Amino acid sequence: MAVAIRPKLVENSQQFLHPGETVEAVMVGQRISGWWGLLTYLWVFWNRFEAVIVTQHRILVLDTGRWTMGTPRSVLRELPRATRIGPASGLWWKCLSLGDKLYIHRRFHKDVAAADAALPPGQVRQAPPPPVGAPPPPPPGA
C-alpha cells in the first residue's frame, strides 16, 4: 500500500520542528533536473532529494538522502518565513529562492503557491536578484 508523501514528511519532520510549530506546506525537490533521467541512469547516483517544510515561523530545507523522499535526515538550511518561494512553472521548475538550486516537480507547484499565498502582504521578501549577465527571468504566468 502506497503512503502519500506529504503526510509522511509532516510526520517524519516533527523532530526538526520547535514545540507548537505547525506545518503550512510541504514539498520535495531534487538537486539535479529530472530531465537527466532521460539521458543516463547515472542520474540516480548523482541526485539527492530535499524536503521543504514551511511553518508559520520559518522555512526548513531538509536532506532526505539519495534514495527516499519521505525520511528527513538533517537540516540543510533555515530561511525566514517571509521568503517568497515561487511562482513555479513548467515540469521541473528550478527554484533559486531557497538557497541552492532545487528542482521542484509540477506535482508540488500547488504547495509552492499555497506557501506563498499564506504570506502576509507586508512581510514578503523576494529572492535575490540574478547574477549580472544572467538571462532575464520569464514573465509571470508564461
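What this report covers is the structure whose coordinates are included nearby. Residue positions are given per chain, counting from 1 as you read along its sequence in written order. Side-chain atom pairs in this predicted model are given and counted only at pLDDT of 80 or more, local residue features only at pLDDT of at least 70, and totals for whole chains, interfaces and linings cover all residues. Processing note: side-chain calculations cover all non-hydrogen atoms of the structure and skip hydrogens and water entirely.

## Observations regarding the pattern of salt bridges
The salt bridge definition used is simple: a Lys or Arg side-chain nitrogen within 4 Å of an Asp or Glu carboxyl oxygen. Tallied over the full model, the rule gives eight salt bridges. E50 is the salt-bridge partner of R77, the closest N and O atoms lying 3.1 Å from each other. Here E50 lies in strand β2 (residues 49-55) and R77 lies in strand β4 (residues 74-80), a separation of 27 residues in the sequence. In terms of burial, R77 and E50 fall into one category: buried. Helix and strand definitions follow DSSP, with helices as H or I runs of at least four residues and strands as E runs of at least two, each counted in order from the N terminus. Burial status follows relative accessibility: with a 1.4 Å probe on protein chains alone, a residue under 20% of its type maximum counts as buried, one over 50% as exposed, and anything between as partly exposed.

## Topic: the environment of D63
Mapped onto the secondary structure, D63 falls in strand β3 (residues 58-65). Measuring from C-alpha to C-alpha, the distance between D63 and Q30 comes to 9.7 Å, with 33 residues separating the pair along the chain. When sequence neighbours within four positions are dropped, the list of residues in contact with D63 reads R31, R48, F49, T71, P72, R73, S74 and L76. Polar side-chain contacts of D63 include one of 3.1 Å to the backbone nitrogen of G65. Throughout, a residue-residue contact means that at least one pair of heavy atoms, one from each residue, lies within 4.5 Å. What qualifies as a polar contact is a pair of N or O atoms within 3.5 Å, subject to a donor-acceptor requirement within protein and to the restriction that residues adjacent in sequence count only when both atoms come from side chains.

## Section: the pairing of strand β6 (residues 102-105)
Consecutive side chains along a regular strand alternate between the two faces of the sheet. Each pair of strands is called paired provided DSSP finds at least two bridges between the two strands. Two elements, strand β1 (residues 23-30) and β6, share two bridges in a ladder whose sense is antiparallel. Its bridge partner being in β6, Q30 is matched across the sheet by Y103. As defined by bridge partners, strand β5 (residues 92-95) adjoins β6 across four bridges and the pair is classed as antiparallel. Residue pairing for β6: K94 is matched across the bridge by Y103. The hairpin formed by β5 and β6 contains six residues between the paired strands, and G99 there has a positive phi angle of roughly 100 degrees.

## Describing the sheet that holds β6
The six strands are arranged β4-β3-β2-β1-β6-β5 in an open sheet whose pairing can be described as antiparallel. Both outer strands of the open sheet, β4 and β5, are each paired with one neighbouring strand and no more. Recorded for the sheet is a direction-independent mean angle of 35 degrees between the axes of neighbouring strands. Sheet topology places β2 next to β3; six bridges connect them, and they run antiparallel. Bridged to F49 within β3 is G65. Axes here refer to lines fitted to C-alpha atoms; in helices the fit is confined to the stretch in contact. Angles between the N-to-C directions go from 0 to 180 degrees. Set on the sheet, helix α4 (residues 109-117) makes contact with β1, β2, β5 and β6; between it and β1 the angle comes to about 140 degrees.

## Digging into the pairing of β3
Of all eight residues in β3, eight are buried; the element is thus mostly enclosed. Between the antiparallel neighbours β2 and β3 lie two residues. Relative to β4, β3 is paired through six bridges, and the arrangement is antiparallel. Note that in β4 the partner of L62 across the bridge is V75.

## So, the environment of L17
By the element assignment, L17 lies in the loop between α1 (5-12) and β1. Spatially, the C-alpha atom of L17 lies 8.9 Å from that of L60, the residues being 43 residues apart in sequence. With residues up to four places along the chain from it excluded, the contact list for L17 reads V23, I53, T55, R58 and L60.

Honestly, it's all geometry; don't read function into it.
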